[in-house]
Amino acid sequence: MTDSRAGSRNLFAEERHARILNMLQQKSKLYVSDLCAHFSVSPATIRNDLRELEGRRMLKRTHGGAIPLEKAAFEPATLKRVGNRESKRRIAAYAAGLVEEGDTIALDAGTTTMELAKCLASRSDVTVVTNDVRIAAYLENNAALTVVLIGGILRHGLGCTVGPLATAALSQLNVDKAFLGANACSIEKGFSTPDLQQAEVKKALIRCAAESIVLCDSSKFGRVSFVKFASAREVDRLITDADISPNVAASLGEMKEELDFTAV
């Protein structure tokens, strides 16, 4: 009989880190003793894991365990207050101007892409593919708009689908433009997100699009999240707001042959 604990014991550190972060999405606090039992490793190993994740601003260590650090580790649930709303609206309004008559576009899940959906709500000449349930529900009010909702595993609280069903569906599609969000953006580390499955959907969106466009407000720059889904050179266009730092803007401007960069 296979010892399931041996499988946990032989996990690579990165796999263990991913599981710890996923567990934190389900619980408000994790304890070192419970993690030791779950992974069949020593307290020293778990403490090293938590120390590394805290150093990457993906959780906060507490006495005997860890709690979520929402700003770095997890996307805010879309029912919560949306930060930087005005910046996101400006970005979305500019992005809407890139959508041409007859386009088939893909909208990633997120608050900025929701603002873009609002800009497109009255259009009748566009087909929208999305894995965001709330975006689909919002656009459903316009019967003249064609909306394709991608199925998959529902991420509770975030209202979007992920997993192999979602990525398989996207692999069968071709769209003119894909608009993606990002939880973090770094010149060196690229665009990243906290969730492994969400990252796979974003990669699938990039692969199915003739043009991939990242919508990212300036608060996300200089940050790194758990999973990289694209380098700056792997997307075609980046739209951010005018509050971006001059140094970052200069660095992005130097990449103009590989990345079309706009600050609005």
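Residues numbered from 1 in each chain as written. Predicted model: local features only at pLDDT ≥ 70, side-chain atom pairs only at ≥ 80, totals over all residues. Heavy atoms only, no water.

### Describing the sheet that holds strand S3 (residues 65-68)
Our working rule: A pair of strands is treated as paired once DSSP finds two or more bridges between them. Secondary structure is summarised from DSSP: a helix means a run of H or I of at least four residues, a strand means a run of E of at least two, and numbering begins at the N terminus for each. Whether two residues are in contact is decided by their heavy atoms: any pair within 4.5 Å suffices. In this analysis an axis means a line fitted to C-alpha atoms, helices contributing only their contacting stretch, and an angle means the value between N-to-C directions, from 0 to 180 degrees.
On the basis of which strands lie adjacent, the open sheet formed by three strands has the order S1-S3-S2 and antiparallel pairing. Two strands lie at the open edges of the sheet, namely strand S1 (30-31) and strand S2 (59-62), each paired on one side alone. Across two bridges, S1 lies against S3 in antiparallel orientation. Paired with Leu30 across the bridge in S3 is Ala66. Against the sheet, helix H4 (residues 43-55) engages S2 and S3, with an angle of about 135 degrees to S2.

### As for helix H9 (residues 164-171)
Rules: Each residue gets one of three labels from its accessible area relative to the maximum for its type: buried under 20%, exposed over 50%, partly exposed in between, using a 1.4 Å probe on protein chains only. Working definition: the arc comes from the directions between the helix axis and the C-beta atoms, pointing outward to the latter.
Within H9, burial applies to Ala166, Thr167 and Leu170. End-on, the buried residues of H9 take up no more than an arc of 95 degrees, which puts them together on one face. Of the exposed residues in H9, those oriented more than 90 degrees away from the buried face are Pro164, Leu165 and Ser171. As for H9, its buried residues are in contact with strand S5 (127-130), strand S8 (160-162) and helix H10 (196-208).

### Quick notes on the sheet that holds strand S4 (residues 104-107)
Sheet strands line up and pair through hydrogen bonds in the backbone, either parallel or antiparallel. Taking strand neighbours across the sheet as the criterion, the seven strands line up as S6-S5-S4-S9-S12-S14-S15 in an open arrangement whose pairing is parallel. Each edge of the sheet is formed by a strand with only one pairing partner; in this case those strands are strand S6 (146-149) and strand S15 (260-263). Averaged over all pairs of adjacent strands, the angle between their axes in this sheet comes to 20 degrees, without regard to strand direction. Of the strand pairs in this sheet, strand S14 (residues 237-240) and S15 are connected by four bridges, and their pairing is parallel. Bridge pairing in S15 links Ile239 to Thr262.

### Re the environment of Ala136
Residue placement: Ala136 occurs in helix H8 (residues 133-139). Note on Ala136: relative accessible area 9%, which makes it buried. On a C-alpha basis, the gap between Ala136 and Val147 in space is 6.6 Å, while along the polypeptide they are 11 residues apart. Excluding anything up to four places from it in sequence, Ala136 contacts Thr130, Val147 and Leu149.

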